[in-house]
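# Structure assessment
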Amino acid sequence: MSDDSSPSLEGRRLILGVTGSIAAYKSALLIRQMKRAGADVRVVMTDDAKRFITPLTLGTLSEADVLGDIFPESSDASGSWTQHVRLGLWADLFVIAPATAQTLANLAGGFSNSMLTATALSARCPILVCPAMDRDMYRHPATQRNLQQLRDYDYTVMPAAHGELASGLVGRGRMPEPEAILRRIADLLDGRPPAADALASPSVTDEEADPPADPSPASASSTPADLRGLRVLVTAGPTQEPIDPVRMLTNPSTGRMGYAIAEAARARGADVTLVSGPTHLDPPGGVTVVRIQRAQEMHEAVQSRRDDADVIIGAAAVADYAPRRASSSKTKKDEAELTLSLRRTPDVLKTVGANKRPGQVLVGFALETDDERENARRKLEAKNLDWIALNNPREDGAGFGTSTNRVTLLGRDGTVDELPLLSKRDVADALLDRIVDPDLAPVPSPS
Ligand code: C5P
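Residues numbered from 1 in each chain as written. Predicted model: local features only at pLDDT ≥ 70, side-chain atom pairs only at ≥ 80, totals over all residues. Heavy atoms only, no water.

## Things to note about the packing of aromatic side chains
- One pass over the full model with this rule turns up one aromatic pair.
- When the ring centre of Y321 is taken as origin, the NZ or CZ atom of R344, which lies over that ring, is 5.6 Å away. (Phe/Tyr/Trp six-rings, centres within 6.5 Å; stacked < 30°, edge-to-face > 60°. Lys NZ or Arg CZ within 6 Å of the ring centre and 35° of its normal.)

## Digging into the sheet that holds strand β5 (residues 156-157)
- If you walk across this open sheet you meet the five strands as β2-β1-β3-β4-β5, and the pairing is parallel. The strands lining the two open edges of the sheet, one partner per strand, are β2 (40-45) and β5.
- Bridge count for strand β1 (residues 13-18) against strand β3 (residues 93-99) is four bridges, and the pairing is parallel. In the strand pairing of β3, G17 is matched with I96.
- Helix α2 (residues 55-62) rests against β1 and β2 of the sheet, and its axis sits at about 165° to β2. (Pairing = 2+ DSSP bridges. Helix = DSSP H or I, 4+ residues; strand = E, 2+ residues; numbered from the N terminus. Contact = heavy atoms within 4.5 Å. Axes fitted to C-alpha atoms, helices over the stretch in contact; angles between N-to-C directions.)

## Side note on the pairing of β1
- Most of β1 sits out of view: five of its six residues are buried.
- In this fold, β1 hands off to helix α1 (residues 25-36), which returns the chain to β2; that crossover is right-handed. (Buried < 20%, exposed > 50% of the residue type's maximum accessible area, 1.4 Å probe, protein only. Right-handed = clockwise from strand over helix to strand, strands pointing away.)

## What to know about the confidence of the model for the protein chain
- The predicted model of the protein chain averages 85 in pLDDT, with 86% of residues at 70 or higher.
- A low-confidence stretch, residues 195-222 stays under pLDDT 50, and its non-local contacts, those more than four residues away or across chains, total 54 contacts.
- Taken together, the stretch residues 439-447 has pLDDT below 50 and engages in nine contacts with residues farther than four places along the chain or on a different chain. (pLDDT = per-residue confidence, 0-100.)

## Let's talk about helix α7 (residues 141-152)
- Taking 1.5 Å of rise per residue, the 12 residues of α7 would be expected to cover 16 Å, and the 16 Å separating its terminal C-alpha atoms lies within 8% of that figure.
- D154 sits one or two residues past α7 and shows a positive phi near 75°. (Expected span 1.5 Å × (residues − 1).)

Below is the structure:
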């Protein structure tokens, strides 16, 4: 029976899939809470899960036989090998908690190599996966790609929680607490979007700021509110440096990368200000937008706001030179040659870096075609950044004007993180992941 504080799951039929993670001990608590909430629970375990918790424990708590073997032990084929099909049809919801990297890979690949994965393939009900693993396994592009694949199959992914992990590392990888999983189950069964705390409501002050977008269940379910309370300032787009009223110096930046970062940071609960050069993009909902044209204006907009920001990400393609004087009338084309006198524009991010306050995180982008890493690292040092995202515009799918990007993240501490070709939104999330979890915890030495 459910009490007042926990959601009711009265009469709901749940399968709990348990896989081989240390977090499997929490499955016992989860089953107790499911039963208390009135659910009928069947447990499916992988062989590895049995190393962490016994079928006897989970069977006793769920008051039903635990399923594990896909093939019957005896020759009495009384239908037990088709259990996965019957179970998949019986359930209202299939929860896999904890879900290891191995199981996520099997599910993403469509393997039916265990009772658990075979049941997932047979299930017609919604499936909720709650990953649990070590920090670096969770961040690995293969795991992230598998999670994305599962979302594409319409699975709901509950992001791993941040905190202390069994390895001694601190980071994202913990299985969410049973209470949070139970609430998510109830929400899914009732067709509700995730609880209100999945998204924060930032203080939006600028007239241009749109109201926060309603989170769609699909996107918000996979979006942690882990930037809540952080103020993020992003620069985006090109700058335009007028030569005369009808001509300018500019570059082909579309602003997509910066806009994707602003959107992702907002979706993760941050209070976001976007300082944008001229683009054709619609600003993301809930973001304060400051529009500028020239590098000097971007400089002023950023420097006047920099002290209020916890995170500053420079994704703008700022013109390095501007005409010394813009002519107030259209330049005549009488002469065979025209010499423009240019002056350096202010380096927006470098100025921020020179005035960085403790705790502030600064991120830049470097577009390099030669000696990429050395040049990017030099920029990281020169601008006093914590991270620099390096991209090479010569690579397919990377750089200006594309919806995808292939970046290598270089950290101040020497980290090199080569991301695969991803959508700019996924690159944005990967970058924000590093900011939330900056790997400051010492790596324990193997014993
Ligand atoms: O020096 P470079 O232009 O390659 O550095 C790129 C990084 O510095 C980007 O993050 C860009 O937004 C930022 N930048 C800036 N102001 C400039 C030039 C670059 O903020 N004038």
